[in-house]
Amino acid sequence: MKSFKVSVWKLSVNRSAKKPTYVVRWSVDGNPFHDVYKTKALADRFRAKLLRATEKGEPFDTVTGLPDSLRVGQTAALSVLELALKYVEHRWPDASAKQRDSMTDALATAVPVLVKQVRGRPTGVAVRRALRSYLLPPPRRERERPEEIAAAVRWLERASLPVAELTEITHMHALVDGVSRKLDGKPAASQTYRRRRAVAFNCLGYAVELGLLPSNPLSKVKRTGRTGRRPVQEVDRRVVVNPRQARELLSAVTYVGGYERASGRRLRAFFAVLYYAAARPSEALGLRRQDCVLPAKGWGRIDLQETRPTAGRAWTDSGEVHDRRGLKQREKGEVRQVPIPPPLVRMLREHLDEFGTADDGRLFQSERGNVIAASSYSRVWKRARELGLLPDQVASVLAARPYDLRHAGVSQWLNSGVPAPEVAARAGHSVEVLLKIYAKCIDGQEAAMNERIMKGLGEEDDTEE
């Protein structure tokens, strides 16, 4: 797209580096752009070109931020590092906190791979820290840099390959190998590899949009082997508790922390929402009093519409640890209504009577009124398993994570005969994904299934009690 709405600002000086650099800043259709120069003369020259283009009435490209008269010459020698910075700037405003974290992680792995042989290469830790904490996140680029980080940045600027050279297949093989490994050189998990490769692929696709590459060179490289296989997405049936075990675990939660601390009682209803409503932890953390219909008797309802995923202060716009988002893979403002059974209604009413709500109406809060940290509720759950399960079960994967309560809830609905479309609607999944991932028998039903098979065979089960 093109726009005539262009603003060019005065030069600014970045004094955080060892040698000051000069920054040209401008905006196109409200979107900010900038370029950095080592000398004031070079920065003035480029700024003058921008001003001349505006005076001539040239339209500016909303993706590159440049008029046609500058676009070819300006982007021809763009380095991989500069491409990564532009790509992050392009994606940052609309990306969630977790997407920002994932994006910078992937690029901090990919950018150091696509470099020339230049002397003085810093340690991998220093390069990664420079990219993750100082260069890639736009809000952190103006921070003062320690000498170790400044040296890593200077090396990256010298060593980073020109984007135009990425058409060589050897560079793509090196990239694939780099994103498939951890910092210590050991193979990364399959899911980590695929996530990083997807970010790298999208970044190179952005280079195609900018006219820097004729096509995406990463599409020519196929990776086979461990990191190339798609993971088994089905839920491990061994993690799924049956209703009796779920009740015992929810009861055991109340004993964690003792009566004075009440850390367990504060979380019983939270864990119950994961089981009885099959909610994700981030959805339960965002649940407010006004989202709940809790009658004195019978079934109630909760309206899930906001999630509070753990992301980290570096990646959220608010600077809080937890991001504030809508439902996963849903349009902003979309609501998922989930009928809840009487046991959960009672627990939520009891929770409100004892603990009230946070200032913003959230049902579940820490002792200080904050969003409950994942480490906090995971610690309580670990202790509850020790109290509520048999020793051999504690040592197993049965309900090893709080999220496994959601798996148990969905499995219980399916095994109770609830139609798959209704289960999918309540759980927030498509029917296809639901049947692929969650359609598992709950723990304790194997004997019942075996008995049905024996009856079908016309045989009697002679298994000893």
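For the structure, check the block above.
The rules we used
- Residues numbered from 1 in each chain as written.
- Predicted model: local features only at pLDDT ≥ 70, side-chain atom pairs only at ≥ 80, totals over all residues.
- Heavy atoms only, no water.
- Core = buried A, V, L, I, M, F, W, Y, C linked by side-chain atoms within 4.5 Å.
- Buried < 20%, exposed > 50% of the residue type's maximum accessible area, 1.4 Å probe, protein only.
- Helix = DSSP H or I, 4+ residues; strand = E, 2+ residues; numbered from the N terminus.
- Contact = heavy atoms within 4.5 Å.
- Pairing = 2+ DSSP bridges.
- 1 Å grid on protein atoms, 1.4 Å probe; cavity = no way out; pocket = protein on both sides within 12 Å on 5 of 7 lines; lining within 4 Å.
- Points joined across faces, edges and corners; volume = space filled by probe spheres on them.
- Nonpolar A, V, L, I, M, F, W, Y, C, P; charged D, E, K, R; others polar.
- Axes fitted to C-alpha atoms, helices over the stretch in contact; angles between N-to-C directions.
- Parallel < 35°, antiparallel > 145°, perpendicular 65-115°, else oblique.
- Left-handed = near helix turned anticlockwise from the far one by under 90°.

Asks: Quick question: what am I supposed to make of the nonpolar core here?
Replies: For soluble globular proteins, the rule of thumb is that nonpolar side chains tend to be buried together. Counting 58 residues, the largest nonpolar core has Phe-270, Phe-271, Val-273, Ile-302, Leu-348 and Phe-364 as the members making the most contacts within it. If you tally residues by element for this core, the top one is helix H11 (residues 265-276), at nine residues. Among residues more than four places away in sequence, those in contact with Val-273 are Ala-278, Ala-279, Ala-284, Leu-287, Ile-302, Leu-344, Leu-348 and Phe-364. Listed in part, the 48 residues of the second largest apolar core include Met-103, Leu-131, Tyr-134 and Leu-213.

Asks: Before we go on, may I ask you to explain the sheet that holds strand E9 (residues 336-340) in this structure?
Replies: Picture the strands of a sheet paired through backbone hydrogen bonds; they go either parallel or antiparallel. Strand order in the open sheet formed by three strands is E7-E8-E9, and the pairing between neighbours is antiparallel. Looking at strand neighbours, the two that pair on one side only are strand E7 (292-293) and E9, the edges of this open sheet. As paired elements, strand E8 (residues 300-304) and E9 share five bridges and run antiparallel to each other. When the sheet's bridge partners are listed, Ile-302 is paired in E9 with Val-338.

Asks: Hey, could you run me through empty space enclosed by the protein in this one?
Replies: Unfilled space is identified by rolling a water-sized probe across the atoms. Under the defined criterion, the tally for this structure stands at one cavity of 30 Å³ or more. Roughly 80 Å³ of volume is contained in the largest cavity. For the lining of the largest cavity, the secondary structure elements donating two or more residues are helix H3 (80-91), helix H4 (97-110) and helix H8 (190-209). When grouped by side-chain class, the residues that make up the lining of the largest cavity number twelve nonpolar, no polar and no charged.

Asks: How do you make sense of unusual backbone geometry when you look at a structure like this?
Replies: Apart from glycine, the bulk of residues carry a negative phi angle, and the bulk of peptide bonds sit in the trans form. Notably, Asp-29 is not glycine yet its phi reads approximately 55 degrees, a positive angle. Inspection of the secondary structure assignment puts Asp-29 in the loop between strand E4 (21-28) and strand E5 (31-37). One non-glycine residue, Ala-278, lies in positive phi territory at about 50 degrees. With respect to the secondary-structure elements, Ala-278 resides in the loop between H11 and helix H12 (281-285).

Asks: I tried to follow the packing of helix H16 (residues 404-415) against helix H17 (residues 420-427) on my own but got confused; where do I start?
Replies: Helices that pack against each other are described as a pair by the angle of their axes relative to one another and the distance between those axes. Packing of H16 against H17 brings their axes to within 10 Å, and their N-to-C directions diverge by 155 degrees. By the angle between their axes, H16 is roughly antiparallel relative to H17. Two packed elements cross with a definite hand, and for H16 against H17 that hand is right-handed. Between H16, through Arg-406, Val-410, Trp-413 and Leu-414, and H17, the contact on the second element is made entirely by Ala-420, Val-423, Arg-426 and Ala-427.

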